[in-house]
Amino acid sequence: MDLISSLALGFATALTPENLFYCFVGVLLGTLVGVLPGIGPTATIAMLLPVTFNFEPVTALIMLAGIYYGAQYGGSTTAILINLPGESSSAVTAIDGHEMARGGRAGAALATAALGSFFGGIVGTFVVVLFAPALASVALGFGSAEFFSLVVLGLIASIALARGSMLNALAMIVLGLLFGTVGQDIYTGTPRFTFGARELFSGINFVSVAVGIFGIAEILRNLEGDATRSVAIKTVKNLWLTRMDARSIVAPVLRGTALGATLGVLPGAGHVLASFGSYSVEKRVSKRPDTFGHGAIEGVAGPESANNAAAQTSFIPLLTLGLPAHPVMALMLGAFIIHGIIPGPNVIKDEPALFWGLIVSFWIGNVILIMLNLPLIRIWVKLLTVPYNILFPAIVAFACIGTYSLNQNPFDVFAIAFFALLGYILVKLGCEPAPLLLGFVLGPLLEQHLRRALIISQGDPSVFVTRPISLVLLIAAVGALLIAVLPSIRKQREVVFQEEDPV
Amino acid sequence: MPRSHKDILAGLVFVGFGMAFAVLALGYGIGTTVRMGPGYFPFFLGGALALIGALIVARGVLAGEEGAIGDIPWRAVGLILGAIVVFGLTVRGLGLIPSTFATALMSAFASRRAGVLSAVAVAIGLTVLCVLIFVIALSLRLPLVGNWIRF
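In this text the structure is predicted, and so the values were computed from the model without any measurement. (Residues numbered from 1 in each chain as written. Chains lettered and ligands numbered in written order. Predicted model: local features only at pLDDT ≥ 70, side-chain atom pairs only at ≥ 80, totals over all residues. Heavy atoms only, no water.)

1. Some details on the overall build of chain B
Then comes step 1: In terms of regular secondary structure, chain B is built from five helices and zero strands.
Then comes step 2: Ordered by position from N to C terminus, the α and β elements of chain B give α-α-α-α-α.
Then comes step 3: In terms of overall dimensions, chain B is more spread out than a globule: its C-alpha atoms have a radius of gyration of 23 Å, far above the 15 Å expected for 151 residues.
Then comes step 4: When burial is assessed residue by residue, chain B has 43% of its 151 residues classed as buried.
Then comes step 5: Long-range pairs, those at least 24 residues apart, make up 64% of the contacts in chain B with a sequence separation of at least 6.
Then comes step 6: A total of about 7,800 Å² of accessible surface is found on chain B, and carbon and sulfur atoms cover 72% of it.
Then comes step 7: Placing the 10 positive and 4 negative side-chain charges of chain B at their respective mean positions leaves the two points 22 Å apart. (Helix = DSSP H or I, 4+ residues; strand = E, 2+ residues; numbered from the N terminus. Rg over C-alpha atoms; globule rule 2.2 N^0.38 Å. Buried < 20%, exposed > 50% of the residue type's maximum accessible area, 1.4 Å probe, protein only. Contact = heavy atoms within 4.5 Å. Areas by Shrake-Rupley, 256 points an atom, 1.4 Å probe, with all protein chains shown as cover. Lys, Arg positive; Asp, Glu negative; His and termini not counted. Charge placed at Lys NZ, Arg CZ, Asp CG, Glu CD.)

Right, here's the structure in full:
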């Protein structure tokens, strides 16, 4: 099928009234949770995933994806107006965006963020359209050895790009892999680590894990301070750019989009890295680097384009290889599986309507988002005044009902409490939770391909290095590990991630 | 004198989980590399986790960065985790409406600034909202009132 007819199929799928409606619902919810501090897209998608069980698979995926990239728009609004990034990738937007707002240029900052995001999202989707099919056809030739090496590469790369201690991230991944082994063994049916509980035979429900460590543990952290969010929001006016502003954001938006589209494909915190990378690039090429940190419009335009381009291209590894680049993609992987579709190179061939419909919905979603964000910005600003003591009981209740409704199994609800506690303790002890979820989702995949590859090769472990693609992937994994360990690069990495903590 | 309590505690958590998984995995049969038993993968991963945990403990003793663990909101932790467990225990017997109300009420009290009236109001509002969203809008088939209180 050529590109034109594929895209036509995509538009035909994405433009049905039902899919259009849920695309709208998705990006609307995404904007909402992006604006609301204390709840992010990961927890939201985890809570809503069970609800989409009765939907058509493509409808469910369109909505869940919309929540993710919609949150990238919403996150920048809070970053600019109250210096409180709703999303980690918009932390860098807060630096100059909030300065602009304090200088009375909130409208220009918001418009820049929205336009940059829009451009990044649209172009990022083009990148997906152009490269995903090619990558999928390469991956069609992959055997178990290649998939094993690919998962290893994905896991290692996500450590290399994660912030904080590498050793801690590695431990979190392994712990996640181990939780992934709970349940019946795929080859022998032996129940593992179930303590006789029949509810655990099919494994720990990954919705419980995600809701626990990203939703509830986050609430516990927020309740530490119990701080009042008194936000003095001034009215936003002049929501448009002067001609000079417009001219000065063109180049940063283009550079940011290119950088973001490239880095988004990488596993780990690709989109966070993209926005920080873009910020430092803009600062370096600027004729007036001293304005950065004091309301430079380029410091908003570049990173915002970068993180939205990255948000779209991070779908590439999932759609073509079945490899999630970050926790949200791990949840999307789960959404595919709940609907009986195994993500990977076969999706494009077996489910062309779903594949192209989902990708085309990114364009539609981005158009809806810019319409939602620019004219309605005043409504989103009002949302910031929703008190947290109403918000967090709502999250707890939604999490319980959503998770329970998936299998009507109280055990899944208890698992939320367990993972919330574990996640909270580990975060308190300086361990980021994202690698745990990635490990948990990829654990069964890793074990299955390892065992299958070794059965086929009759126990000869050299199969991983004698098959050329597998060898290349493993070399890349070693390279990623070296990059993370090498002192000079390590230092730079620390600089990049240090700025991430909001002031 | 240990330098980082965070590292030492985190390392011990990992050592504990690693050892537990590895020891339990022994009971499932390790097998050989050709025919891996159900215990093979978790056994070696558990061992690896225990090792990494030990390294983190060592780093904490020798070279860790100092950092305070900070306050722990015991009341919030207890009430919120309790609220989730209560939901799991009662949703079958009591049904959606009473369970949601109990869970929302318990969580609402987790905030230090919550008064009785405002917590009850939040809980009632949320219960109505949840029924509207999950039962009416999304038509999930969950019993609104369970067997325990049906006559």
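2. Looking at the confidence of the model for chain B
Then comes step 1: For chain B, mean pLDDT is 87; residues scoring 70 or higher make up 95% of the total.
Then comes step 2: This prediction of the complex comes with two scores: 0.86 for pTM and 0.93 for ipTM. (pLDDT = per-residue confidence, 0-100.)

3. What about the interface of chain A and chain B?
When the parts come together, some accessible area is lost, and that loss is often what is quoted as the size of the interface.
Then comes step 1: The interface of chain A with chain B comprises 69 residues on the first partner and 62 residues on the second.
Then comes step 2: Around 5,800 Å² of area is buried between chain A and chain B when both sides are counted, 80% of it from carbon and sulfur atoms.
Then comes step 3: Its largest share of buried area at the contact with chain B, chain A owes to F193, I401 and L429 of chain A, together 12% of the area lost on that side.
Then comes step 4: Where chain A packs against chain B, one counts zero salt bridges.
Then comes step 5: One can count six residue pairs in polar contact (both at pLDDT 80 or more) joining chain A with chain B.
Then comes step 6: Listed by contribution, the elements that provide at least two residues to the side of chain A that touches chain B are α8 (166–180), β2 (191–192), α9 (206–225), α18 (388–407), α19 (410–428) and α20 (434–456) of chain A.
Then comes step 7: No other element matches α18 of chain A, which puts 13 residues into the side of chain A that touches chain B.
Then comes step 8: The residue inventory of the side of chain A that touches chain B, partitioned by class, reads 47 nonpolar, 15 polar and seven charged. (Buried area = accessible area lost by both parts, 1.4 Å probe. Salt bridge = Lys/Arg side-chain N within 4 Å of Asp/Glu carboxyl O. Polar contact = N/O pair within 3.5 Å; in protein donor to acceptor, adjacent residues only side chain to side chain. Nonpolar A, V, L, I, M, F, W, Y, C, P; charged D, E, K, R; others polar.)

4. Remarks on the domain arrangement of chain B
Then comes step 1: In terms of domains, chain B is made up of domain 1 (5–62) and domain 2 (74–137).
Then comes step 2: Measuring from the centre of the C-alpha atoms in domain 1 of chain B to the corresponding centre in domain 2 of chain B gives 38 Å. (Domains from an automatic or database assignment.)

5. Re helix α4 (residues 57–82) of chain A
All names here are of chain A.
Then comes step 1: With 26 residues, α4 extends 38 Å from end C-alpha to end C-alpha; this agrees with the ideal 38 Å at 1.5 Å per step.
Then comes step 2: Largest kink in α4: about 30 degrees, centred on A71.
Then comes step 3: Positive phi appears at N83, one or two residues downstream of α4, with a value of about 60 degrees. (Expected span 1.5 Å × (residues − 1). Bend = angle between axes of the 7 residues up to and from the residue.)

6. Digging into α9 of chain A
Then comes step 1: Taking 1.5 Å per residue, 20 residues should reach 28 Å; α9 of chain A reaches 29 Å between its end C-alpha atoms and fits that length.
Then comes step 2: At the N-terminal boundary of α9 of chain A, the capping side chain belongs to N205 of chain A, with an oxygen 3.0 Å from the backbone nitrogen of V207 of chain A.

7. Topic: the packing of aromatic side chains
Then comes step 1: Scanning the entire structure with this criterion turns up 23 aromatic pairs over all chains.
Then comes step 2: Ring plane angle 85 degrees and centroid distance 6.2 Å describe the contact between Y404 of chain A and F87 of chain B, whose orientation is recorded as edge-to-face. Here Y404 of chain A, found in helix α18, pairs with F87 of chain B, found in helix α3 (residues 74–94), and the two come from separate chains.
Then comes step 3: Assessed through its relative accessible area of 4%, Y404 of chain A is described here as buried.
Then comes step 4: On the accessibility criterion, F87 of chain B (1% relative accessible area) is buried. (Phe/Tyr/Trp six-rings, centres within 6.5 Å; stacked < 30°, edge-to-face > 60°.)

8. Describing the environment of R141 of chain B
Residues and elements named next belong to chain B.
Then comes step 1: Position of R141 relative to the elements: it lies in the segment after α5 (116–137).
Then comes step 2: Under the relative-accessibility criterion, R141 is labelled exposed at 80%.
Then comes step 3: Put simply, R141 and G78 are 63 residues apart on the chain and 30 Å apart in space, counted from C-alpha to C-alpha.

9. Quick notes on the nonpolar core
One recurring pattern in soluble globular proteins is that nonpolar side chains are buried together.
Then comes step 1: Core analysis: the biggest nonpolar cluster contains 197 residues, and I216, I219 and F464 of chain A together with F14, I80 and I84 of chain B have the highest contact counts within it.
Then comes step 2: It is α4 of chain A that provides the largest number of residues to this core, a total of 15 residues.
Then comes step 3: Apart from residues no more than four positions distant in its own chain, I219 of chain A is found in contact with Y388, F392, I395 and V396 of chain A together with I80 of chain B. (Core = buried A, V, L, I, M, F, W, Y, C linked by side-chain atoms within 4.5 Å.)

10. Section: the side chain of S286 of chain A
Then comes step 1: Residue placement: S286 of chain A occurs in the loop between α11 (270–285) and α12 (298–313).
Then comes step 2: Of the polar contacts made by the side chain of S286 of chain A, one reaches the backbone nitrogen of R288 of chain A; its length is 2.9 Å.

11. A look at the confidence of the model for chain A
Then comes step 1: Looking at chain A as a whole, the pLDDT averages 85, with 92% of positions reaching at least 70.
Then comes step 2: Contacts for the low-pLDDT stretch residues 499–503 of chain A, under 50 throughout, to residues beyond four places or in other chains number 11 contacts.

12. Examining the packing of α9 of chain A against α18 of chain A
Residue and element names in this part refer to chain A.
Then comes step 1: The geometry of α9 relative to α18 is characterised by a closest axis approach of 11 Å and an angle of 165 degrees between their N-to-C directions. Regarding the angle of α9 to α18, the classification is roughly antiparallel. Of the two elements, α9 crosses α18, and the hand of that crossing is left-handed. Of the residues in α18, those in contact with V207, S208, V211, I216, I219, N222 and L223 of α9 are Y388, F392, I395, V396, A399, T403 and L406. (Axes fitted to C-alpha atoms, helices over the stretch in contact; angles between N-to-C directions. Parallel < 35°, antiparallel > 145°, perpendicular 65-115°, else oblique. Left-handed = near helix turned anticlockwise from the far one by under 90°.)

13. Topic: the pattern of salt bridges
Two side chains bearing opposite charge may form a pair once their charged atoms approach each other closely.
All names here are of chain A.
Then comes step 1: One pass over the structure, following the stated rule, counts nine salt bridges over all chains.
Then comes step 2: Of the charged contacts, one joins R451 and D185 as a salt bridge, the two residues approaching to 2.8 Å between their closest N and O atoms. With R451 in helix α20 and D185 in the loop between β1 (183–184) and β2, this residue pair connects regions lying 266 residues apart in the sequence.
Then comes step 3: On the accessibility criterion, D185 (2% relative accessible area) is buried.
Then comes step 4: A salt bridge links E447 to R451, with the nearest nitrogen and oxygen atoms 2.8 Å apart.

14. Some thoughts on the packing of helix α10 (residues 243–263) of chain A against α11 of chain A
All names here are of chain A.
Then comes step 1: Axis separation between α10 and α11 bottoms out at 9 Å; the angle between their running directions is 145 degrees. The hand of the α10/α11 crossing is right-handed. Between α10, through P252, R255, G256, L259, G260 and L263, and α11, the contact on the second element is made entirely by G270, L273, A274, G277, S278, V281, E282 and V285.
Then comes step 2: A breakdown of the residues in the contact of α10 with α11 according to their chemical character gives seven nonpolar, five polar and two charged.

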